[in-house]
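# Structure assessment
Spelled out from the first residue to the last, the chains are:
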Amino acid sequence: MQVTTITMDDVQYPYRLGTDCLDGIVTRLGELGASRYLIVSDPRVAELYGQGLRERLAEQAGPAELITHASGEQNKGLPALHDLAEEALRRGADRQSIVVALGGGVTGNIAGLLAALLFRGIRLVHVPTTVVAMLDSVLSLKQAVNAGVGKNLVGTFYQPVEVLADTAMLRTLPVREVRSGMCEVVKNSLAIRPSMIDQLSAGLRPDGRYPDDTMHWIIYESLAAKAQVTAYDKYERGEGLILEYGHTVGHAVEHSSQGAVPHGAAVALGMIAAAQVSHRAGWASAELVDLHRELVAKTGVARRIPSDIPLSAVRHRLSFDNKRGYLPASADTYPMVLLESPGKVLRSEGTVLTAAPRDLVDAVVDELAEPPRPAAARTDDAATVLGGAG
């Protein structure tokens with residue numbers, strides 16, 4: 001496994017990446033010497049990898065427990081966290097236990113917050129199994145669950161001991177999840193590392209099928225992009241806020257869809273919306289919008305908000321975006337990360353945020369919505385609309 005050190009201010013932890021490296025993952029977890037390994041995953045990942053990992057750890061490292069939570073963004077809330085904490089304690093968790101977050105972004109967030117809260121903090125190891133998790137969510141100290149009005153509004157910052165990633169686990173992902181993950185790569189290229197745009201554009205595949213060497217390049221470029229903006233901003237309150245590009249409208253769409261639109265696919269819609277807002281406000285050219293649409297199309301995800309998502313719900317959740325408070329409060333604006341051109345972020349009030357006119361953002365969201373269609377057509381096209389089916 002190749003090791004990269006993730007550095008954020010005074011925080012450092014290793015990111016170990018390989019392919020077909022389950023033996024290395026088990027060995028490394030064993031070297032950490034936990035009193036008990038608490039493997040957290042959803043039922044699908046538990047079936048694919050969790051039971052095998054638990055058995056291997058029990059044989060080679062020490063007591064291991066597999067604890068599952070209901071899958072889906074709609075289940076990433078305080079009730080799930082409560083149930084996991086109670087189950088972990090019943091299974092013998094103590095201060096020397098390690099929480100192993102085995103899964104995608106939802107699992108990583110719930111398990112990360114669980115580790116931060118048990119005994120006021122026990123060790124956390126991420127074993128990501130999705131593209132979004134490998135190249136985005138595990139490269140952050142943010143651990144959070146959703147509230148009823150919005151996404152990731154209840155949480156804290158907590159450091160993992162390390163990340164252990166095996167790209168072979170991506171082979172069992174539904175295609176829609178691979179496509180969704182590539183949207184986060186597009187975000188990194190547009191907002192942080194425009195130097196990767198040409199190679200990324202040539203390598204993106206709408207069918208979601210990527211060879212291991214391409215996936216490794218994508219992950220390492222994403223590591224570099226994150227490092228570029230978080231090396232001196234571990235809490236992502238300064239330059240790190242650039243990583244929120246596309247997330248204002250994206251989170252609102254994702255949460256309003258109750259998980260039907262995957263995270264990355266929702267962020268892609270949010271990026272298109274952000275580019276449109278910049279252009280319509282006179283801050284960016286039409287070419288920037290075209291570039292967004294071109295790259296998003298090459299990922300294979302939809303470029304319109306599905307017609308069955310109520311726009312009233314999207315607008316409501318925009319009002320509860322997690323970037324509120326960085327700029328002076330205003331009922332007429334949303335704080336957003338906006339671009340002037342690839343890699344050039346608009347700034348105001350000493351931040352990388354811009355107060356975008358609420359009326360303009362709402363109008364752009366309305367225009368992004370897919371026109372209502374007959375029920376039969378919606379059923380036939382559901383896979384395409386929601387980012388593709390596996």
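Residues numbered from 1 in each chain as written. Predicted model: local features only at pLDDT ≥ 70, side-chain atom pairs only at ≥ 80, totals over all residues. Heavy atoms only, no water.

By the naming in UniProt, the protein chain is 2-deoxy-scyllo-inosose synthase, taken from Streptomyces kanamyceticus. Its UniProt record gives the protein chain the following Catalytic activity comment, quoted word for word: "D-glucose 6-phosphate = 2-deoxy-L-scyllo-inosose + phosphate". Reading the Sequence similarities entry of the UniProt record for the protein chain gives the comment "Belongs to the sugar phosphate cyclases superfamily. DOI synthase family." (UniProt positions renumbered as here; feature names shortened; annotations may be inferred.)

### Re helix 1 (residues 22–31)
Listed in full, the buried residues belonging to helix 1 are Ile25, Val26, Arg28 and Leu29. The arc that holds the buried residues of helix 1, viewed along the axis, is 165°, so those residues lie on one side. Residues of helix 1 that are exposed and angled more than 90 degrees away from the buried face: Asp23 and Glu31. Following helix 1 by one or two positions, Gly33 adopts a phi angle in the positive range, close to 65°. (Buried < 20%, exposed > 50% of the residue type's maximum accessible area, 1.4 Å probe, protein only. Helix = DSSP H or I, 4+ residues; strand = E, 2+ residues; numbered from the N terminus. Arc of directions from axis to C-beta.)

### What to know about the domain arrangement of the protein chain
Where the parts come together, the accessible area they lose is often given as the size of the interface. Under the domain assignment, the protein chain is made up of domain 1 (2–173) and domain 2 (234–369). A separation of 29 Å is found between the C-alpha centroids of domain 1 and domain 2. Facing the 20 residues of domain 1 at the interface are 15 residues of domain 2. When the two sides are added together, the surface that domain 1 and domain 2 hide from each other amounts to roughly 1500 Å², 55% of it contributed by carbon and sulfur. Put simply, domain 1 and domain 2 have four salt bridges between them. A salt bridge links Lys151 to Glu254; the nearest nitrogen and oxygen atoms lie 3.4 Å apart. There are six residue pairs in polar contact (both at pLDDT 80 or more) connecting domain 1 and domain 2. Contributing elements (two or more residues each) for the side of domain 1 that touches domain 2: strand 7 (142–147) and strand 8 (150–157). When residues in the side of domain 1 that touches domain 2 are grouped by element, the largest group, five residues, is from strand 8. Partitioning the side of domain 1 that touches domain 2 into residue classes produces nine nonpolar, six polar and five charged. (Domains from an automatic or database assignment. Contact = heavy atoms within 4.5 Å. Buried area = accessible area lost by both parts, 1.4 Å probe. Salt bridge = Lys/Arg side-chain N within 4 Å of Asp/Glu carboxyl O. Polar contact = N/O pair within 3.5 Å; in protein donor to acceptor, adjacent residues only side chain to side chain. Nonpolar A, V, L, I, M, F, W, Y, C, P; charged D, E, K, R; others polar.)

### A closer look at the UniProt feature "binding site: Co(2+)" in the protein chain
The UniProt record annotates "binding site: Co(2+)" at Glu184, His247 and His263. Look at the named residues: they lie 80 residues apart in sequence, but the longest C-alpha span between them is just 10.2 Å, so in the fold they bunch up. Topologically, Glu184 is positioned in helix 6 (residues 175–191). Residue classification places Glu184 among the buried residues on the basis of a relative accessible area of 0%. For Glu184, the contacting residues outside a window of four places in its chain are Val132, Leu135, Asp136, His247, His263 and Val267. Relative to the elements of secondary structure, His263 occurs in helix 10 (residues 263–280).

### What about the pairing of strand 8?
Residues in a regular strand point their side chains to alternate faces of the sheet. Sheet topology note: the strand 7/strand 8 ladder contains five bridges and is antiparallel. Across the sheet, the residue bridging to Ala147 is Gly150, located in strand 8. Count of turn residues in the strand 7/strand 8 antiparallel hairpin: two residues. (Pairing = 2+ DSSP bridges.)

### Comments concerning the nonpolar core
Counting residues in hydrophobic clusters, the biggest one holds 81 residues, and the most contacted among them are Tyr15, Met182 and Val361. Counting contributing residues, this core receives three or more from each of domain 1 (2–173) and domain 2 (234–369). Those residues in contact with Met182 that sit more than four places away from it in its chain are Val131, Leu204, Tyr210, Met215, Ile218 and Thr299. Formed by 22 residues, the second largest nonpolar core is a distinct cluster that contains Ile67, Leu84, Ala111 and Ala116. (Core = buried A, V, L, I, M, F, W, Y, C linked by side-chain atoms within 4.5 Å.)

### Some points on the packing of helix 10 against helix 11 (residues 286–299)
Relative orientation of the contacting elements helix 10 and helix 11 amounts to 170°, with a least axis distance of 8 Å. Looking at the two axes, helix 10 sits roughly antiparallel to helix 11. Here Ala268, Met271, Ile272, Ala275, Gln276 and His279 of helix 10 lie close against helix 11, whose contacting residues are Ala286, Val289, His292, Arg293 and Val296. Of the residues belonging to the contact of helix 10 with helix 11, the class tally is seven nonpolar, three polar and one charged. (Axes fitted to C-alpha atoms, helices over the stretch in contact; angles between N-to-C directions. Parallel < 35°, antiparallel > 145°, perpendicular 65-115°, else oblique.)

### Thoughts on the packing of aromatic side chains
Aromatic ring pairs are defined here through the distance separating the ring centres and the angle between the ring planes. Counting across every chain of the model gives one aromatic pair. When the ring of Phe157 is compared with that of Tyr235, the centres are 4.8 Å apart and the planes differ by 65°; the resulting orientation is edge-to-face. Of the two residues, Phe157 sits in strand 8 while Tyr235 sits in the loop between helix 8 (212–230) and helix 9 (247–256), which places them 78 residues apart along the sequence. When its relative accessible area of 27% is taken as the criterion, Phe157 is described as partly exposed. (Phe/Tyr/Trp six-rings, centres within 6.5 Å; stacked < 30°, edge-to-face > 60°.)

### Here's the deal with the sheet that holds strand 1 (residues 2–8)
Ordered in space as 1-2-9-6-5-3-4, the seven strands form an open sheet in which the pairing is mixed. Looking at the sheet topology across the chains shown, the edges are occupied by strand 1 and strand 4 (64–68). When the angles between neighbouring strand axes are averaged without regard to direction, this sheet yields 20°. Taken together, the four bridges between strand 2 (residues 11–18) and strand 9 (residues 162–166) define a ladder with parallel strand orientation. Considered in strand 9, the bridge of Tyr15 is made with Val163. In the packing of helix 2 (residues 43–60) onto the sheet, contacts are made with strand 3 (37–41), strand 4 and strand 5 (98–103), and the angle to strand 4 comes to roughly 170°. Strands strand 3 and strand 4 of the sheet are contacted by helix 3 (residues 78–90), whose axis makes an angle of about 160° with strand 4.

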